[in-house]
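# Overview (structure and organization)
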Amino acid sequence: MANEKQDAKSARGAGPLPDLSGRTAVVTGANSGLGLVTARALAEAGAHVVLAVRDEERGKAAAARIDGSTEVRRLDLADLESVREFAAGWDGPLDLLINNAGVMMLPRRRTRDGFEMQFGTNHLGHFALTNLLLPHITDRVVTVASGAHRWPGADIRFDDLDRTADYSPTAAYAQSKLANLLFVLELQRRLTEAGSAVRAVAAHPGYAATNLQSHAGNPVMRALMLLGNRLFAQSDEAGAQPTLYAAVRDLPGASYVGPDGLGEMRGRPTLVGRSRAASDPGTARRLWEASEELTGVRFPAAALR
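Residues numbered from 1 in each chain as written. Predicted model: local features only at pLDDT ≥ 70, side-chain atom pairs only at ≥ 80, totals over all residues. Heavy atoms only, no water.

This part covers the pattern of salt bridges. In the structure shown here, the tally under the stated rule is 17 salt bridges. Put simply, Arg112 and Asp79 hold a salt bridge, and the shortest N to O gap is 3.0 Å. Of the two residues, Arg112 is situated in the loop between strand 4 (94-99) and helix 5 (117-133) and Asp79 in the loop between strand 3 (70-74) and helix 4 (80-88); the sequence distance between them amounts to 33 residues. Since its relative accessible area comes to 62%, Arg112 is described here as exposed. In this structure, the salt-bridge partner of Asp139 is Arg140, at a minimum N-O distance of 3.3 Å. (Salt bridge = Lys/Arg side-chain N within 4 Å of Asp/Glu carboxyl O. Helix = DSSP H or I, 4+ residues; strand = E, 2+ residues; numbered from the N terminus. Buried < 20%, exposed > 50% of the residue type's maximum accessible area, 1.4 Å probe, protein only.)

As a further point, take helix 3 (residues 56-63). Among the residues of helix 3, those classed as buried are Gly59, Ala62 and Ala63. Buried positions in helix 3, seen along its axis, are confined to an arc of 95 degrees and lie on one side of it. Close packing links the buried residues of helix 3 with helix 2 (33-44), strand 2 (48-53) and strand 3. Its side-chain oxygen 3.0 Å from the backbone nitrogen of Glu57, Asp55 forms the N-cap of helix 3. (Arc of directions from axis to C-beta. Contact = heavy atoms within 4.5 Å. Polar contact = N/O pair within 3.5 Å; in protein donor to acceptor, adjacent residues only side chain to side chain.)

Our focus in this paragraph is the side chain of Thr243. On the secondary structure map, Thr243 appears in helix 9 (residues 241-248). Apart from residues lying up to four places away in sequence, Thr243 is in contact with Thr38, Ile98, Val142, Val144 and Ala203.

Another point: the packing of helix 6 (residues 169-193) against helix 10 (residues 281-295). One can describe the packing of helix 6 onto helix 10 by two numbers: an axis separation of 8 Å at closest approach and a directional angle of 95 degrees. The angle between helix 6 and helix 10 falls in the class roughly perpendicular. Counted together, Ala179, Leu182, Phe183, Leu185, Glu186, Leu187, Arg189 and Arg190 of helix 6 and Pro281, Thr283, Ala284, Arg285, Leu287, Trp288 and Glu292 of helix 10 form the full contact between these two elements. Partitioning the contact of helix 6 with helix 10 into residue classes produces nine nonpolar, one polar and five charged. (Axes fitted to C-alpha atoms, helices over the stretch in contact; angles between N-to-C directions. Parallel < 35°, antiparallel > 145°, perpendicular 65-115°, else oblique. Nonpolar A, V, L, I, M, F, W, Y, C, P; charged D, E, K, R; others polar.)

Spelled out as structure tokens, the structure:
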């Protein structure tokens with residue numbers, strides 16, 4: 001009962017959303033978990049929400065549970081051809097891009113383009129999607145990061161981004177989440193330099209019970225995380241509040257939002273800090289350049305002037 005009361009309180013943490021009528025949002029990974037909660041809240045506030053999902057049937061089932069204006073479009077972030085097709089099919093302004101989708105602590109796997117799955121999906125897929133859509137974006141890009149960016153092993157191994165030498169599901173996940181924050185940092189720098197009013201911000205949900213943890217490759221880790229979901233985690237409704245806060249509040253570019261509770265595990269959304277590694281502009285610029293080379297997608301500076 002105590003957890004339910006805390007979740008209800010936390011779910012109100014972002015406050016009532018403003019009227020978003022006439023605005024359009026894309027939410028990646030919107031068929032379940034935090035993405036579905038985020039899409040539902042934006043649609044109920046009046047936005048037209050595009051659920052960008054890998055499985056269109058699951059996306060349509062999710063959209064049927066949302067009151068408001070929605071549509072479903074296919075997007076597989078582990079396939080750069082799919083990312084390009086999604087962006088090429090976009091027409092007209094896009095107010096909000098919510099980079100929410102992700103995979104977590106998988107056994108060694110590769111994307112269709114040959115990248116380590118967690119780095120390729122969580123970072124490179126969203127990197128390419130954001131830059132391809134940027135000429136259409138009018139307000140902001142929100143990227144969902146994680147407290148995992150502070151975990152041991154959370155470094156950017158420029159000489160081995162796929163971590164082929166000593167693959168660890170947890171270290172690879174931590175690297176991808178560190179990459180998310182470095183991406184936001186460098187994206188905001190480039191937007192400012194280009195004279196764009198678009199803002200790049202990040203958010204993390206704290207410890208939220210979603211189906212993301214059920215995909216961990218190690219069965220012992222998976223069991224422990226599912227147990228933690230039952231005993232300690234806040235709901236996905238509460239976990240989505242930092243993302244919604246980042247999407248609608250008047251925040252400085254490169255802001256990072258998370259829960260205000262102990263260890264940023266749960267609570268109301270607020271501005272939070274990040275690790276020294278996630279604040280290094282030199283590493284952020286180097287990662288951006290490496291990401292451009294890997295994806296073949298460049299920052300569209302000329303289109304933003």
